[in-house]
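These are the residues of each chain, in order.
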Amino acid sequence: MGARMRVLLFHGYLLRGTGSNVYNASVAQALARLGHDVHLLCQDLEAGALPWVDATGDWSSGSLHVKRTAGAGSAGAGSITAYTPDIGGLLPTYVADEYEGFRARTFPELSDEEVEGYIEANVAAVGDVVAHAGGVDAALANHLVMGPAILARAGLDFAAKIHGSALSYTVMPHPRFQPYAREGMQAAGAVLVGSRHTGASLWETLRMPGLEERTRLGPPGVDIEAFAPLEEGARRAELEDLAGSI
């Protein structure tokens, strides 16, 4: 294993369910198992209840406060701290949905002032987290908007992970958000996509010189513990249980 690193992940949404939520939860746990200290910014108000989170941070008192969780904590020699920046209760989304504890509205429904307020709140939170961590050695910004723009304005060197929702449901149909996407992509040292189709859509939408050359293919992968083959004797019983549940 290489040197222990402090890694910042900016996600901005929940840490369970599907899609990018599971991706970020999995990346954080994988890094901790490798012995790194992960600082994960999200909006999961129940992050402290997750068994793999070692500590949580919030700004409920007006400044960043970090506390240990009561759970078992992350596996391996590393650690995971989950932070929930104060965004004033307004959560921008890519598709219409409900999030308990938030006023969730799609990005196109937000005013320019609300978009900038959201970005500024997160930039300030990133600055606090970096200061608390004593600096970071690597950073990953998730979603075409607004994670990369946030880390760019926070002055960090970072890679960006493109998930299809922000690209397909916000940036492609709403050119108003292309300047934010270009701002983030211009600053990203590398751009990760889960498929060539996502990469091609990104390049076609933004048409930025050099973007394709900085794009790398990184399929999500499989958790080999969660998806381990069943023992031969257990397979029939599992299939029968599955069939019975349909």
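Everything discussed here concerns the structure shown above.
Report follows, based on the coordinates. Not measured: the values here are computed from a predicted model. (Residues numbered from 1 in each chain as written. Predicted model: local features only at pLDDT ≥ 70, side-chain atom pairs only at ≥ 80, totals over all residues. Heavy atoms only, no water.)

## Some details on the packing of aromatic side chains
- Applying the stated rule across the entire model yields five aromatic pairs.
- Consider the rings of tyrosine 13 and tyrosine 94, whose centres lie 5.6 Å apart with planes at 55 degrees: the pair is tilted. Within this pair, whereas tyrosine 13 is found in the loop between strand 1 (6–10) and helix 1 (19–33), its partner tyrosine 94 is found in the loop between strand 6 (90–93) and strand 7 (103–106), the two being separated by 81 residues in sequence.
- For tyrosine 94, a relative accessible area of 10% puts it in the buried group.
- Taken together, a centroid distance of 6.4 Å and an interplanar angle of 80 degrees make the contact between phenylalanine 107 and tyrosine 118 edge-to-face. Of this pair, phenylalanine 107 sits in the loop between strand 7 and helix 2 (112–133) while tyrosine 118 sits in helix 2, and the two are eleven residues apart along the sequence. (Phe/Tyr/Trp six-rings, centres within 6.5 Å; stacked < 30°, edge-to-face > 60°. Helix = DSSP H or I, 4+ residues; strand = E, 2+ residues; numbered from the N terminus. Buried < 20%, exposed > 50% of the residue type's maximum accessible area, 1.4 Å probe, protein only.)

## Some thoughts on helix 5 (residues 178–187)
- Taken together, the buried positions of helix 5 are occupied by Gln178, Tyr180, Ala181, Gly184 and Met185. Down the axis of helix 5, the buried set is contained in an arc of 160 degrees. They therefore lie on one face.
- On its buried face, helix 5 is in contact with helix 2, helix 3 (147–153), strand 9 (159–162), helix 4 (164–171), strand 10 (190–193) and helix 6 (196–206). (Arc of directions from axis to C-beta. Contact = heavy atoms within 4.5 Å.)

## Description of a nonpolar patch on the surface
- A cluster of nonpolar residues, Val222, Ile224 and Phe227, forms a patch on the protein surface that exposes about 400 Å² of accessible area.
- Along the polypeptide, valine 222 turns up in the loop between strand 11 (215–217) and helix 7 (232–245).
- Overall, valine 222 belongs to the exposed group, its relative accessible area being 62%. (Patch = residues over 30% accessible without salt bridge, like charges linked within 9 Å, V, L, I, M, F, W, Y side chains within 5 Å. Areas by Shrake-Rupley, 256 points an atom, 1.4 Å probe, with all protein chains shown as cover. Salt bridge = Lys/Arg side-chain N within 4 Å of Asp/Glu carboxyl O.)

## Observations concerning unusual backbone geometry
- Between valine 145 and the following residue, methionine 146, the backbone shows a cis peptide bond with an omega angle of 5 degrees.
- Among the secondary structure elements, methionine 146 is positioned in the loop between strand 8 (138–142) and helix 3.
- A positive phi angle, close to 80 degrees, is found at histidine 143, a residue other than glycine.
- For histidine 143, the location among the structural elements is in the loop between strand 8 and helix 3.
- Overall, histidine 143 belongs to the buried group, its relative accessible area being 1%.

## Some points on the sheet that holds strand 4 (residues 65–68)
- Here nine strands make up an open sheet; going across it, the order is 4-3-5-2-1-8-9-10-11 and the pairing mixed. Each edge of the sheet is formed by a strand with only one pairing partner; in this case those strands are strand 4 and strand 11. For this sheet, the mean inter-axis angle between neighbouring strands, taken without regard to orientation, is 20 degrees.
- Taken together, the five bridges between strand 2 (residues 37–41) and strand 5 (residues 79–84) define a ladder with parallel strand orientation. Along strand 5, the bridge assignment pairs aspartate 37 with serine 79.
- Packing against the sheet, helix 1 makes contact with strand 1, strand 2, strand 5, strand 8 and strand 9, and its axis sits at approximately 175 degrees to strand 1. (Pairing = 2+ DSSP bridges. Axes fitted to C-alpha atoms, helices over the stretch in contact; angles between N-to-C directions.)

## A word on the nonpolar core
- Counting residues in hydrophobic clusters, the biggest one holds 47 residues, and the most contacted among them are Leu8, Leu144, Met146, Leu151, Met185 and Leu202.
- For this core, the leading source of residues is helix 2, giving eight residues.
- Counting residues in hydrophobic clusters, the runner-up holds 19 residues, among them Leu15, Ala28, Ala47 and Ala82. (Core = buried A, V, L, I, M, F, W, Y, C linked by side-chain atoms within 4.5 Å.)

## Things to note about the side chain of histidine 11
- Tracing the sequence through the fold places histidine 11 in the loop between strand 1 and helix 1.
- Polar side-chain contacts of histidine 11 include one of 2.9 Å to the backbone oxygen of leucine 14.
- Here the side chain of histidine 11 touches asparagine 21 through a polar contact of 2.9 Å, side chain to side chain.
- Beyond its immediate stretch of four places on either side in the chain, histidine 11 contacts Ser20, Asn21, Asn24, Leu40, Leu41, Asn142 and His143. (Polar contact = N/O pair within 3.5 Å; in protein donor to acceptor, adjacent residues only side chain to side chain.)

## A word on the pairing of strand 10
- The side-chain alternation of strand 10 yields one buried face, formed by Val191 and Val193, and one unburied face, formed by Ala190 and Leu192.
- Pairing analysis gives four bridges linking strand 9 to strand 10, with the strands arranged parallel. Each residue of the ladder has a partner; that of isoleucine 162, found in strand 10, is valine 193.
- Between strand 10 and its parallel partner strand 11, the chain crosses via helix 6, and the hand of that crossover is right-handed. (Right-handed = clockwise from strand over helix to strand, strands pointing away.)

## Thoughts on helix 2
- The end-to-end C-alpha distance of helix 2 is 32 Å, a good match for the 32 Å that 22 residues give at a rise of 1.5 Å each.
- Among the residues of helix 2, Val115, Tyr118, Ile119, Asn122, Val123, Ala125, Val126, Val129, Val130 and Ala133 are the ones counted as buried. Along the long axis of helix 2, the arc covered by the buried residues comes to 170 degrees, so they all point the same way. Within helix 2, the exposed residues directed more than 90 degrees away from the buried face are Glu113, Glu120 and Ala131.
- Positioned one or two residues after helix 2, glycine 134 has a phi angle of 80 degrees, which is positive. (Expected span 1.5 Å × (residues − 1).)

Honestly, it's all geometry; don't read function into it.
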